[in-house]
Amino acid sequence: QVQLVESGGGLVQAGDSLRLSCAVSGRTFITMGWFRQAPGKERMFIAAMTSDGRARHADSVKGRFIISRDNAENTVHLQMNSLKPDDTAVYLCAGDAHGYTMLSTVATNYDAWGQGTQVTVSS
């Protein structure tokens, strides 16, 4: 059974930091990604990393958010610094098993999703 379980969300003030984690079980994925979805908005790509360490970050979070993976633990993390109210959203991790769509920014290329963890940033 494939499972992705996010943790680490919470309520913080602008300028604070959070570190999200996603524990994966049942299989491994070539690409692990983070997306976020705010109320009334579409799901948006945040960051992705391949199992060999190649990474991509959305322009909106470059310099603030950093994705990382621990292959031995089959876990992916998202370090979020200098948080802004606009970062408020449900953050979801996702796995993509397709080698021909590595580091994809397209949500439909991902095969498995977690339930999400809420991040709320107050001003």
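Everything below is about the structure shown above.
Residues numbered from 1 in each chain as written. Predicted model: local features only at pLDDT ≥ 70, side-chain atom pairs only at ≥ 80, totals over all residues. Heavy atoms only, no water.

Colleague: Where do I start with the overall build of the protein chain in this structure?
Modeller: Along its length, the protein chain carries 0 helices and 11 strands. The secondary structure elements of the protein chain, listed N-terminal to C-terminal, are β-β-β-β-β-β-β-β-β-β-β. Taken over C-alpha atoms, the radius of gyration comes to 13 Å for the protein chain, in line with the 14 Å a tight globule of 123 residues would show. Expressed as lengths along the three principal axes of its C-alpha atoms, the size of the protein chain is roughly 40 × 25 × 25 Å. For the protein chain, the proportion of its 123 residues judged to be buried stands at 43%. In the protein chain, the proportion of contacts linking residues at least 24 apart, taken out of those at least 6 apart, comes to 59%. Roughly 6300 Å² of accessible area belongs to the protein chain as shown, and the carbon and sulfur atoms make up 47% of that amount. Between the averaged position of the 11 positive side-chain charges in the protein chain and that of its 11 negative side-chain charges there is a distance of 4 Å. (Helix = DSSP H or I, 4+ residues; strand = E, 2+ residues; numbered from the N terminus. Rg over C-alpha atoms; globule rule 2.2 N^0.38 Å. Buried < 20%, exposed > 50% of the residue type's maximum accessible area, 1.4 Å probe, protein only. Contact = heavy atoms within 4.5 Å. Areas by Shrake-Rupley, 256 points an atom, 1.4 Å probe, with all protein chains shown as cover. Lys, Arg positive; Asp, Glu negative; His and termini not counted. Charge placed at Lys NZ, Arg CZ, Asp CG, Glu CD.)

Colleague: Which parts of the structure should I look at to understand the side chain of H57?
Modeller: Within the secondary structure, H57 sits in strand 6 (residues 55-57). There is a polar contact of 3.1 Å between the side chain of H57 and the backbone nitrogen of I67. (Polar contact = N/O pair within 3.5 Å; in protein donor to acceptor, adjacent residues only side chain to side chain.)

Colleague: Even after reading the chapter, I still don't get the environment of M44, so can you show me in this structure?
Modeller: Turning to its location among the elements, M44 is positioned in strand 5 (residues 44-50). In sequence terms M44 and Q79 are 35 residues apart; their C-alpha atoms lie 17 Å from each other. Beyond its immediate sequence surroundings of up to four residues, M44 is in contact with W34, F35 and R36.

Colleague: Just to check I follow, could you spell out the sheet that holds strand 7 (residues 65-70) for this structure?
Modeller: Strand pairing in a sheet relies on backbone hydrogen bonds. The paired strands run either parallel or antiparallel. Strand order in the open sheet made by the 4 strands is 1-3-8-7, with antiparallel pairing throughout. Both outer strands of the open sheet, strand 1 (3-7) and strand 7, are each paired with one neighbouring strand and no more. Taking each pair of neighbouring strands and ignoring which way they run, the sheet shows an average axis angle of 15 degrees. Judged from the 5 bridges that link them, strand 1 and strand 3 (residues 18-25) form a sheet pairing that is antiparallel. By the bridge assignment for strand 3, S7 is matched with S21. (Pairing = 2+ DSSP bridges. Axes fitted to C-alpha atoms, helices over the stretch in contact; angles between N-to-C directions.)

Colleague: Sorry if this is basic, but what is going on with the state of the cysteines here?
Modeller: Structurally, a disulfide amounts to a covalent bond that connects the sulfur atoms of two cysteines. Per the counting criterion, the structure on display carries 1 disulfide. Across a sulfur-sulfur distance of 1.9 Å, C22 and C93 are joined as a disulfide pair. Of note, the bridge from C22 to C93 carries an S-S torsion of about 45 degrees and is right-handed in sense. Pair noted here: C22 is in strand 3 and C93 is in strand 9 (residues 89-96), with a separation of 71 residues, a long-range link. (Disulfide = S-S within 2.5 Å.)

Colleague: Would you explain the packing of aromatic side chains in this entry?
Modeller: Remark: the centre distance and the inter-plane angle together describe each pair of aromatic rings, the angle taken between the planes. Counted by the stated rule, this structure contains 4 aromatic pairs. Aromatic pair F35 and F45: ring centres 5.7 Å apart, planes at 75 degrees, arrangement edge-to-face. Linking F35 in strand 4 (residues 31-37) with F45 in strand 5, this pair joins segments that are 10 residues apart in sequence. This pair shows no difference in class: F35 is buried, exactly as F45 is. Centroid distance F35 to Y110: 5.2 Å. Interplanar angle 80 degrees. Geometry classified as edge-to-face. Residue F35 is found in strand 4, and its partner Y110 is found in the loop between strand 9 and strand 10 (112-113); the two are separated by 75 residues along the sequence. (Phe/Tyr/Trp six-rings, centres within 6.5 Å; stacked < 30°, edge-to-face > 60°.)

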